[in-house]
Amino acid sequence: MTATPNPRLPDGIDIFSPAAYGDEARLHADFTRLRRDMPVAWVDREPYRPFWTVVCNEDIKLVEKNHDIFVSAPRLTLIPKAIEEATLQMFGSRTGGSRTILDMDEPDHAKYRDVSARWFIGSGLRKLTPRIEAIADSFIEKMKSMDGRCDFASDIAVWYPLEAITSILGAPSEDGPYILRMTQALLAAGDPDLQKEGDYGMAAYGEFMGYLGKLLADRQANPTDDLTSAIANARIDDNPIGMIEALSYMMVTITAGHDTTSAALAGGMYGFITHPQEMDKLRADPQLMRNASNEICRWVSPVRHFVRTATEDFVLRDTTIRAGDAVVLFYPSGNRDETLFENADAFRIDRDTSGHVAFGYGVHACVGRQLALFELDAFFSRLIPQLKRIELAGEPKMIASNLVGGFRSLPVRYEFN
Ligand code: HEM
């Protein structure tokens, strides 16, 4: 009989279930305690296969820096065992046969990442900015037309980044509501309100692949200057990109590019409402905007975890991670690490945000980081100078997701100048 690895996560602590992300105060209290007392801990609890928790900022970076030892392909996110088994039976692998750049390891990862990287930085990004600014303006106009009250999460925050990403991919804008339903069913797979009959997003996955396949086939036949055309016609090692890889690419760009930014936008609005002095700072010094967007991402931490699997033994602090063990990187905890951020729980738009891990770290660090920050800049730098006041108009509700989360509902009352 093999002994249970130590140290074990104490029974009363849950930092990994979807439900744990419905109560942020309790979650962050638990993270704080773990960073102090047990930075690496073994978890063997239903419904997941066992894993180690990694909660300190520098440990998250160390694991991601050693990407040749800690690989992504075998297990990328926490999925209930029963679902992993069903997926294994159906597709022959626990990850469902999808091959996104998130699931890939080197050398393939870098080759596929190159297909889209230029769209989200430098001149590629500059080409997109007028479109993003126009979309931001249209949502501020929408707020103005809503009689001083809206649900900021469901009326504004989910739609703005969705419109941005569908426009970049070249999907018809009238498909927005459908794409929204699909991404929510996939990303908040643990939230019973957002999935079909408790199937953990499986039905949405199959259906959405069909939709994306049609879009790719169309752009293969009739290329335009959108990102779907770039993916559909990409060449890897001088061969045309495979269908599974192209579909996975579309899927990851839409899902990663959308709910994450929505969560940051709604979380940022909540940050400003609950810390009005931070809104005043931005009014007084608009140059703070980019730092404010980084602070929003640090404080909100829309992505809650990713998983890596060790390919050889590795000593993390005093704990030996064995070859084959999974480690879970908890980004929200890394972003509240007191060794890097003073008064880490406070939302302060003028703090030094460098070193935050909201966009991950290393070779897999978010390819859309600059785009996401620009979307936040464009929205808040336009909205805040025009706002006379804004306040909560009801109880905010969180999405119960341990992967990508944020507010399901954020009722607000406001007045423009
Ligand atoms: C506030 C918004 C966003 C947050 C918090 C966020 C966060 C993240 C995180 C944590 C990762 C994994 C990094 C790692 O493993 O080290 C990631 C990867 C990725 N993100 Fe984002 N993201 C955001 C917006 C976007 C946008 C707008 C796009 C663009 C379409 C995007 C596309 C991607 C892609 C394609 C990857 C995979 C990169 C790779 O594996 O090489 N993300 N993101």
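The coordinates are above.
Residues numbered from 1 in each chain as written. Predicted model: local features only at pLDDT ≥ 70, side-chain atom pairs only at ≥ 80, totals over all residues. Heavy atoms only, no water.

A.B. asks: Can you explain the environment of E375? Please cite residues and give values.
C.D. replies: Position of E375 among the secondary structure elements: in helix α15 (residues 369–386). Linking E375 and L265, residues 110 residues apart in sequence, is a C-alpha distance of 8.7 Å. Ignoring anything within four residues of it in the chain, the contact list for E375 reads I132, Y160, P161, A164 and T261. (Helix = DSSP H or I, 4+ residues; strand = E, 2+ residues; numbered from the N terminus. Contact = heavy atoms within 4.5 Å.)

A.B. asks: Tell me what's going on with the coordination of the iron atom of the ligand, and back it up with residues and numbers.
C.D. replies: Tetrahedral coordination by four donors puts the ideal angle at the metal at 109.5 degrees, and octahedral coordination by six puts it at 90 or 180 degrees. Just one protein atom coordinates the iron atom of the ligand, and that atom is C366 (SG), at 2.3 Å. Checked against the element boundaries, C366 lands in the loop between α14 (331–334) and α15. (Donors = N, O, S within 2.8 Å, 3.2 Å for Na, K, Ca; no water.)

A.B. asks: Describe in detail the sheet that holds strand β1 (residues 40–43), supporting the description with residues and values.
C.D. replies: The strands making up a sheet are joined through hydrogen bonds of the backbone, oriented either antiparallel or parallel. Pairing in this open sheet of five strands is mixed, and the strands run β1-β2-β10-β7-β3 from one edge to the other. A strand with exactly one partner marks an edge of an open sheet, and here the two such strands are β1 and β3 (70–71). Where strand β7 (residues 305–310) lies against strand β10 (residues 326–330), five bridges are found, and the strand directions are antiparallel. Considered in β10, the bridge of V307 is made with V328. Contacts between helix α2 (residues 57–65) and the sheet are confined to β1, β2 (51–54), β3, β7 and β10, with β10 contributing the most and set at about 130° to the helix. (Pairing = 2+ DSSP bridges. Axes fitted to C-alpha atoms, helices over the stretch in contact; angles between N-to-C directions.)

A.B. asks: Please set out the packing of aromatic side chains residue by residue, giving values where relevant.
C.D. replies: Throughout the structure, instances matching the rule amount to 19 aromatic pairs. Geometrically, the ring pair formed by Y270 and W299 is stacked, given 6.5 Å between the ring centres and 20° between the ring planes. Placement of the pair is Y270 in helix α11 (residues 243–274) and W299 in helix α13 (residues 289–300), with a sequence separation of 29 residues. The class of Y270 is partly exposed, set by a relative accessible area of 26%. Among the aromatic side chains, those forming a connected cluster through ring pairs are F139, F152, Y160, Y270, F272, W299, F347, F379, F380 and F407. Taking the ring centre of F341 as reference, the NZ or CZ of R298 above it sits at 5.0 Å. (Phe/Tyr/Trp six-rings, centres within 6.5 Å; stacked < 30°, edge-to-face > 60°. Buried < 20%, exposed > 50% of the residue type's maximum accessible area, 1.4 Å probe, protein only. Lys NZ or Arg CZ within 6 Å of the ring centre and 35° of its normal.)

A.B. asks: Report on the pairing of strand β14 (residues 411–416), specifying residues and quantitative values.
C.D. replies: Two elements, strand β4 (residues 149–151) and β14, share three bridges in a ladder whose sense is antiparallel. Residue D151 lies in a different strand from β14, and its bridge partner there is P411. With five bridges joining them, strand β11 (residues 387–392) and β14 adopt antiparallel strand pairing. If you follow L387 over to β14, its bridge partner there is F416.

A.B. asks: If you had to explain the nonpolar core to someone new, which residues and values would you point to?
C.D. replies: Across soluble globular proteins, you tend to see nonpolar side chains buried next to one another. By size, the foremost hydrophobic cluster in this structure holds 88 residues, and its most contacted members are F152, F208, F272, F379 and F380. Every residue in contact with F208, bar those within four places of it in the chain, is listed here: Y178, I179, M182, T183, L186, M251 and I254. (Core = buried A, V, L, I, M, F, W, Y, C linked by side-chain atoms within 4.5 Å.)

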